[in-house]
Amino acid sequence: MSNCFILLAAGKGKRFKSKNPKQFINYINKPLFMHSVDKALKSKLFKSIIIVSNLPIKNIHDKSIKVIKGGRERHESSHNALNFIKNKKFKNVFIHDAARPNFSIKLLKRLYSGLKNNKAVVPFLRTANSTKYKVKNKIQNLVRDNLLFTQTPQCFDFKTLYSLSKYNKEKVTDEASLFLNNDQNIKFIKGEKNNFKITTKSDLKKISFRNFYGIGFDIHRLIKNKKLYLGGTKIPFHSGLQGHSDGDVILHAIIDGLLGAMRKKDIGSLYPSNKMKFKNIRSPNMLSPILKILDNNGYFINNIDINLICERPKVSKYRSKIISSLSNLLSINKDQINLKGKTVEKLGLIGKEKAIACETIVSLNCYA
Ligand code: ZN
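The present account deals with the structure reproduced in this document.

Parameters and conventions
Residues numbered from 1 in each chain as written. Predicted model: local features only at pLDDT ≥ 70, side-chain atom pairs only at ≥ 80, totals over all residues. Heavy atoms only, no water. Helix = DSSP H or I, 4+ residues; strand = E, 2+ residues; numbered from the N terminus. Buried < 20%, exposed > 50% of the residue type's maximum accessible area, 1.4 Å probe, protein only. Areas by Shrake-Rupley, 256 points an atom, 1.4 Å probe, with all protein chains shown as cover. Lys, Arg positive; Asp, Glu negative; His and termini not counted. Charge placed at Lys NZ, Arg CZ, Asp CG, Glu CD. Core = buried A, V, L, I, M, F, W, Y, C linked by side-chain atoms within 4.5 Å. Contact = heavy atoms within 4.5 Å. 1 Å grid on protein atoms, 1.4 Å probe; cavity = no way out; pocket = protein on both sides within 12 Å on 5 of 7 lines; lining within 4 Å. Points joined across faces, edges and corners; volume = space filled by probe spheres on them. Nonpolar A, V, L, I, M, F, W, Y, C, P; charged D, E, K, R; others polar. Axes fitted to C-alpha atoms, helices over the stretch in contact; angles between N-to-C directions. Parallel < 35°, antiparallel > 145°, perpendicular 65-115°, else oblique. Left-handed = near helix turned anticlockwise from the far one by under 90°. Donors = N, O, S within 2.8 Å, 3.2 Å for Na, K, Ca; no water. Pairing = 2+ DSSP bridges. Disulfide = S-S within 2.5 Å. Phe/Tyr/Trp six-rings, centres within 6.5 Å; stacked < 30°, edge-to-face > 60°. Lys NZ or Arg CZ within 6 Å of the ring centre and 35° of its normal.

**Things to note about the overall build of the protein chain**
Consideration 1: When its secondary structure is counted, the protein chain shows 10 helices and 19 strands.
Consideration 2: Evaluated residue by residue, the protein chain yields a buried proportion of 51% over its 368 residues.
Consideration 3: Carbon and sulfur atoms make up 51% of the accessible area of the protein chain, which totals about 19,700 Å².
Consideration 4: Counting 69 positive and 25 negative side-chain charges, the protein chain places the averaged centre of each group 3 Å from the other.

**Some points on the nonpolar core**
Consideration 1: Residues I250, L258, L308 and L330 are the most contacted members of the largest nonpolar core, which totals 45 residues.
Consideration 2: Residue assignment for this core shows that the elements contributing at least two residues are β13 (209-223), β14 (228-230), α6 (249-262), α8 (283-296), β17 (299-309), α9 (315-330), β18 (337-342) and β19 (355-367).
Consideration 3: With 10 residues, the top contributor of residues to this core is α6.
Consideration 4: Non-local contacts of L308, meaning those with residues more than four positions away in its chain, are made with L230, V249, I250, V315, L339, K340, G341, K342, I356, A357 and C358.
Consideration 5: Counting residues in each nonpolar core, the second largest holds 25 residues, with V52, A81, V122 and L161 among its members.

**Focus: the layout of surface pockets**
Consideration 1: By volume, the second largest pocket amounts to about 860 Å³.
Consideration 2: With three residues, the single largest contributor to the lining of the second largest pocket is helix α2 (residues 74-84).
Consideration 3: Partitioning the lining of the second largest pocket into residue classes produces seven nonpolar, 12 polar and 12 charged.

**What about the packing of helix α1 (residues 32-43) against helix α3 (residues 105-114)?**
Consideration 1: One way to put it is that α1 packs onto α3 with a least axis distance of 9 Å and a crossing angle of 60 degrees. Considered as vectors, α1 and α3 are oriented oblique to each other. Here α1 and α3 pass one another in a crossing that is right-handed. Touching K39, A40, K42 and S43 of α1 are I105, L108 and K109, all from α3.

**Describing unusual backbone geometry**
Consideration 1: P153 follows T152 through a cis peptide bond whose omega is 5 degrees.
Consideration 2: Tracing the chain through its elements places P153 in the loop between β10 (149-150) and β11 (154-157).
Consideration 3: Cis geometry marks the peptide bond from R312 to P313; its omega dihedral reads -5 degrees.
Consideration 4: With a phi angle near 60 degrees, N280 is a residue other than glycine that sits in the positive phi range.
Consideration 5: The topology assignment puts N280 in the loop between α7 (267-270) and α8.
Consideration 6: With a relative accessible area of 55%, N280 lands in the exposed category.

**Some points on the coordination of the zinc ion**
Consideration 1: Looking at the metal site, the zinc ion is ligated by D218 (OD), H220 (NE2) and H252 (ND1), spaced 2.0 to 2.1 Å from it.
Consideration 2: In primary-sequence terms, the residues that donate to the zinc ion follow D-x1-H-x31-H.
Consideration 3: For D218, a relative accessible area of 15% puts it in the buried group.
Consideration 4: You can call H220 buried: its relative accessible area is 14%.

**Brief notes about the pairing of strand β7 (residues 120-125)**
Consideration 1: Taken across its six residues, β7 has five buried, putting it largely inside the fold.
Consideration 2: Pairing of β7 with β10, which is carried by two bridges, proceeds in the antiparallel orientation. Bridged to L125 within β10 is F149.

**Points about the state of the cysteines**
Consideration 1: Within the structure shown, the criterion is met by zero disulfides.
Consideration 2: With no disulfide of its own, C155 lies closest to C4 among cysteine sulfurs, the gap being 12 Å.
Consideration 3: Note on C155: relative accessible area 0%, which makes it buried.
Consideration 4: As a non-bridged cysteine, C310 has C358 as the owner of its nearest cysteine sulfur, 9.2 Å distant.

**Considerations on the sheet that holds β18**
Note: strands within a sheet are paired through backbone hydrogen bonds, in either parallel or antiparallel orientation.
Consideration 1: Ordered in space as β16-β13-β19-β17-β18, the five strands form an open sheet in which the pairing is mixed. Both outer strands of the open sheet, β16 (240-241) and β18, are each paired with one neighbouring strand and no more.
Consideration 2: Examined bridge by bridge, β17 and β18 share six bridges and lie parallel to one another. Residue I309 lies in a different strand from β18, and its bridge partner there is K342.

**Section: the packing of aromatic side chains**
The relation between two aromatic rings is expressed through the spacing of the ring centres and the mutual angle of the planes.
Consideration 1: As enumerated under the stated definition, the model contains eight aromatic pairs in all.
Consideration 2: Ring geometry for F24 against F33: centres 5.3 Å apart, planes inclined by 55 degrees, an arrangement best described as tilted.
Consideration 3: Take F33: its relative accessible area is 4%, and that puts it in the buried class.
Consideration 4: Ring geometry for F212 versus Y299: centroids 5.9 Å apart, planes at 70 degrees, classification edge-to-face. Within this pair, whereas F212 is found in strand β13, its partner Y299 is found in strand β17, the two being separated by 87 residues in sequence.
Consideration 5: Y299 sits in the buried class, given a relative accessible area of 9%.
Consideration 6: Taken together, F5, F46 and F94 form an aromatic cluster joined through their ring pairs.
Consideration 7: The ring of F84 has K88 lying over it, and the distance from NZ or CZ to the ring centre is 4.9 Å.
Consideration 8: Its guanidinium or amino end placed over the ring of Y229, R282 lies 3.9 Å from that ring's centre, counting from NZ or CZ.

Functional significance is not addressed by these values, which are geometric in nature.
Okay, here's the thing in structure tokens:
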């Protein structure tokens, strides 16, 4: 697979009226442009992701991501990126405007499958509005059924797009225009209503979500000679948690919370404890298929609240370590996670340090 994803994030966004360009403002828990980056990463379609930006971008750790400078106009930025990758042997290139953060991973996959028999695949929507067209001072009717409103991401055979971009320096507002100006064929596919462009502040509120909540609970016995894992990270302790897996009560309770919110049964039905193939499985490996279901169905995590119920280890000592690990595993910000420690007045198995329990509440959003 040799696909490159180019994200155009160099625009000034004059209509947005803010000090920060809109692609860098915080939008649903992260910088607006990161929504596109995360979806490109999660789709696993791309060997490389190029972000074109005129502002420095920090905190990018994934090695497949490069940041390069853009031009003054969109078509210049796009050409800069194509030039940057010209010797990198990509067969296909996807180009996307950072101002459209709400496309789905499914759309990326549909675009890619269209590329098998075409050199350009472009999503579009129709309009329900009656439409007029102004030429000089005369206004004429247009047949709305003949109108196509194109969106990004758009994807192309790299060589074809690169030569079109190299020899056509005129200003275009998308790469589909380059193809059409040069009588090249495009396969048009159905775009997505949620994939609108954010141009003004009121667009930030345009998308509506549905909220879902899930509750999770888990308990495991402590046994000697086993490592203790909590929230996917090793915690020094005299015992570890007994179980078919590594017994990570925090991750198990989070998995059940996520499944609950998605209304997809429970951890036991996905990982039956009588199946040998799940023996000694590490809990982060149990989590990743659940996160895939989450992404594929358009859900994302709003916040997670966790009660870890044990006498020791002291939660305060390991809180930031556990939260960092969870933030990594779940690809969410640390401030979306809260971890509380609860003791049980030395009562029962938990009080005698023979078991650890955990309960969670998970809140998910889903594109309505
Ligand atoms: Zn468990």
